[in-house]
Amino acid sequence: MTTPDTTRSPWALEAQGLGKKYRRGWALQDCSFRLPAGRICGLVGPNGAGKSTLLGLATRLVEATTGELRVFGVPVDSPDVMPRYAYLGQEKALFKRFTVAETLRMGQELNPHWDQAAAERIVRAGDVPSHARIGTLSGGQRTRVAFALAFGKRPDLLLLDEPMADLDPLARNEMSGLLMAEAAERGTTVLMSSHMLTELEDMCDYLLVISGGRVRMAGETEELLSLHKLVTGAREESGELPAGLAPHTVIENRTSGRQFTAMLRTEGPVYGDWQSMEPTLEEILLAYLRSPGTPPLLTPSAQCDRRAERAA
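Residues numbered from 1 in each chain as written. Predicted model: local features only at pLDDT ≥ 70, side-chain atom pairs only at ≥ 80, totals over all residues. Heavy atoms only, no water.

Draft legend 1. Spotlight on the overall build of the protein chain. Counting its regular elements, the protein chain contains nine helices and 15 strands. Against the 2.2 N^0.38 benchmark of 20 Å for 312 residues, the protein chain shows a C-alpha radius of gyration of 22 Å, consistent with a compact globule. Surface accessibility of the protein chain: about 15500 Å² in total, with carbon and sulfur atoms responsible for 50%. Averaging the coordinates of the 35 positive side-chain charges in the protein chain and doing the same for the 39 negative ones gives two points 7 Å apart. (Helix = DSSP H or I, 4+ residues; strand = E, 2+ residues; numbered from the N terminus. Rg over C-alpha atoms; globule rule 2.2 N^0.38 Å. Areas by Shrake-Rupley, 256 points an atom, 1.4 Å probe, with all protein chains shown as cover. Lys, Arg positive; Asp, Glu negative; His and termini not counted. Charge placed at Lys NZ, Arg CZ, Asp CG, Glu CD.)

Quick look at the structure:
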């Protein structure tokens, strides 16, 4: 049997009706989206939203209850998938008694496409002694060694579950620069979970927002920004929003006296006697997370319906 060539798949991840149910209920439900290859994607959502569950499904640490997940066009449970991704979580599963050199040697022995030069370059750039034991390193140094292991594997997809959550601002900035430089050099697709919304705005060109176990928003960062306006003005005498806003989807509406401030998903130009501003990415994300009843928004590149494609 010939294995199909999926190395050129335009999609790093494809989820269709993906769900995971535990005894306490659904952690992830009816999730369908696509992540194009070559993007740096921020995975955003409140605690318990399903972010870690999604990463667990992508790494086969968790088994799906419903739906399917593909990595570069291949079902996630295929043996061909594992060599193509690297996973790095908050815990940074390193052997504390190993030296840095021994840790890189382990990576070399376990990964057939290991890039020793790249791993050593990442470690040397942080002045991490190769003879030092992992348990004696600072948090920033351990994170650097963990990144060296991840990039040394030469993955096509890098999955990150808040790996920099325990770092100080200076170390986070350093690791963020390392991540972006290495990913750009290799064309690596990155899916990174983080609570630092301003950090994601600087780093990511793609977004995947999950809340309540469902996809709320996904797509190109710039396109998502262009689809929203923050509008401030006076309410009608009835207390309602002005009728001129009716063509648009109101994501969130706040009032102070007779003045309103509304986050809009626009359906064309916004006309009226009010002030219209370009919102920040953080403002848009917070509006969606505070308004769970808002219809989800997926740009065309993020939409996935394999059943419709098969029927066609």
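Right, picking up where we left off after that structure.
Draft legend 2. Summary view of the sheet that holds strand E12 (residues 249-256). Pairing within the open sheet is antiparallel, and its four strands lie in the order E12-E13-E11-E14. Either end of the sheet is taken by a strand with one partner, and the two such strands are E12 and strand E14 (275-277). Looking at each pair of strands side by side, their axes are set apart by 20° on average, direction ignored. Lying over the sheet, helix H8 (residues 281-290) contacts strand E11 (228-234), E12 and strand E13 (259-265), oriented at roughly 90° with respect to E12. (Pairing = 2+ DSSP bridges. Axes fitted to C-alpha atoms, helices over the stretch in contact; angles between N-to-C directions. Contact = heavy atoms within 4.5 Å.)

Draft legend 3. The arrangement of the domain arrangement of the protein chain in detail. Split by domain assignment, the protein chain resolves into domain 1 (11-93 + 152-220), domain 2 (94-151) and domain 3 (223-302). Here domain 1 and domain 3 have C-alpha centroids that lie 28 Å from each other. Facing the 22 residues of domain 1 at the interface are 20 residues of domain 3. Here domain 1 packs against domain 3, burying approximately 1700 Å² in sum over the two surfaces, 63% of which is carbon and sulfur. Looking only at domain 1, the three residues that lose the most surface to domain 3 are Arg216, Met217 and Glu220, adding up to 41% of its buried area. Joining domain 1 to domain 3, the criterion identifies 13 residue pairs in polar contact (both at pLDDT 80 or more). Breaking the side of domain 1 that touches domain 3 down by element, the ones donating at least two residues are strand E2 (25-36), helix H6 (197-203), strand E9 (206-211) and strand E10 (214-220). Taken together, the residues that form the side of domain 1 that touches domain 3 break down as 13 nonpolar, five polar and four charged. (Domains from an automatic or database assignment. Buried area = accessible area lost by both parts, 1.4 Å probe. Polar contact = N/O pair within 3.5 Å; in protein donor to acceptor, adjacent residues only side chain to side chain. Nonpolar A, V, L, I, M, F, W, Y, C, P; charged D, E, K, R; others polar.)

Draft legend 4. A look at the packing of helix H3 (residues 116-125) against helix H4 (residues 139-152). Packing of H3 against H4 brings their axes to within 8 Å, and their N-to-C directions diverge by 160°. With respect to H4, the element H3 is oriented roughly antiparallel. H4 is crossed by H3, and the crossing has right-handed handedness. The residues of H4 that touch H3, namely those facing Ala119, Ile122, Val123 and Ala125, are Arg144, Phe147, Ala148, Phe151 and Gly152. (Parallel < 35°, antiparallel > 145°, perpendicular 65-115°, else oblique. Left-handed = near helix turned anticlockwise from the far one by under 90°.)

Draft legend 5. View of the nonpolar core. Within the largest apolar cluster, 51 residues are counted, with the highest numbers of intra-cluster contacts made by Phe147, Leu179 and Met192. When residues of this core are assigned to their parent elements, the largest contribution, seven residues, is made by H4. In this structure, Phe147 is in contact with Leu88, Ile122, Leu160, Pro163, Met164, Met175, Leu178 and Leu179, ignoring residues within four places of it in sequence. Membership of the second largest hydrophobic core comes to 33 residues, among which are Leu13, Val71, Tyr85 and Leu298. (Core = buried A, V, L, I, M, F, W, Y, C linked by side-chain atoms within 4.5 Å. Buried < 20%, exposed > 50% of the residue type's maximum accessible area, 1.4 Å probe, protein only.)

Draft legend 6. Quick peek at a negative patch on the surface. On the surface, Glu201, Asp202, Glu222, Glu282 and Glu283 cluster together into a negatively charged patch. When residues of the negative patch are traced back to their parent elements, those giving at least two are H6 and H8. Following the sequence through the fold, Asp202 ends up in helix H6. (Patch = residues over 30% accessible without salt bridge, like charges linked within 9 Å, V, L, I, M, F, W, Y side chains within 5 Å. Salt bridge = Lys/Arg side-chain N within 4 Å of Asp/Glu carboxyl O.)

Draft legend 7. Local environment of the sheet that holds strand E5 (residues 74-75). Pairing is antiparallel across the open sheet formed by four strands, whose spatial order is E2-E1-E4-E5. Among the strands making up the open sheet, the edge pair consists of E2 and E5. Pairing of strand E1 (residues 11-22) with strand E4 (residues 66-71) involves five bridges; the strand directions are antiparallel. Paired with Ala15 across the two strands is Leu69, which belongs to E4. Against the sheet, helix H1 (residues 51-58) engages E1, E2 and E4, with an angle of about 65° to E2.

Draft legend 8. Highlighting the packing of aromatic side chains. This model, assessed by the stated rule, comprises three aromatic pairs. Seen from their ring centres, Phe260 and Trp274 are 6.4 Å apart, and the 75° between their planes marks the pair as edge-to-face. One end of the pair, Phe260, is in strand E13; the other, Trp274, is in the loop between E13 and E14, and 14 residues separate them in sequence. Exposure remark for Phe260: the relative accessible area of 0% places this residue in the buried category. By relative accessible area, Trp274 is classed as buried at 17%. (Phe/Tyr/Trp six-rings, centres within 6.5 Å; stacked < 30°, edge-to-face > 60°.)

Draft legend 9. The arrangement of the confidence of the model for the protein chain in detail. In the predicted model, the protein chain carries a mean pLDDT of 87, and the fraction of residues at 70 or more is 94%. The low-confidence segment residues 1-6 (pLDDT under 50) makes five contacts with residues lying over four places distant or belonging to another chain. (pLDDT = per-residue confidence, 0-100.)

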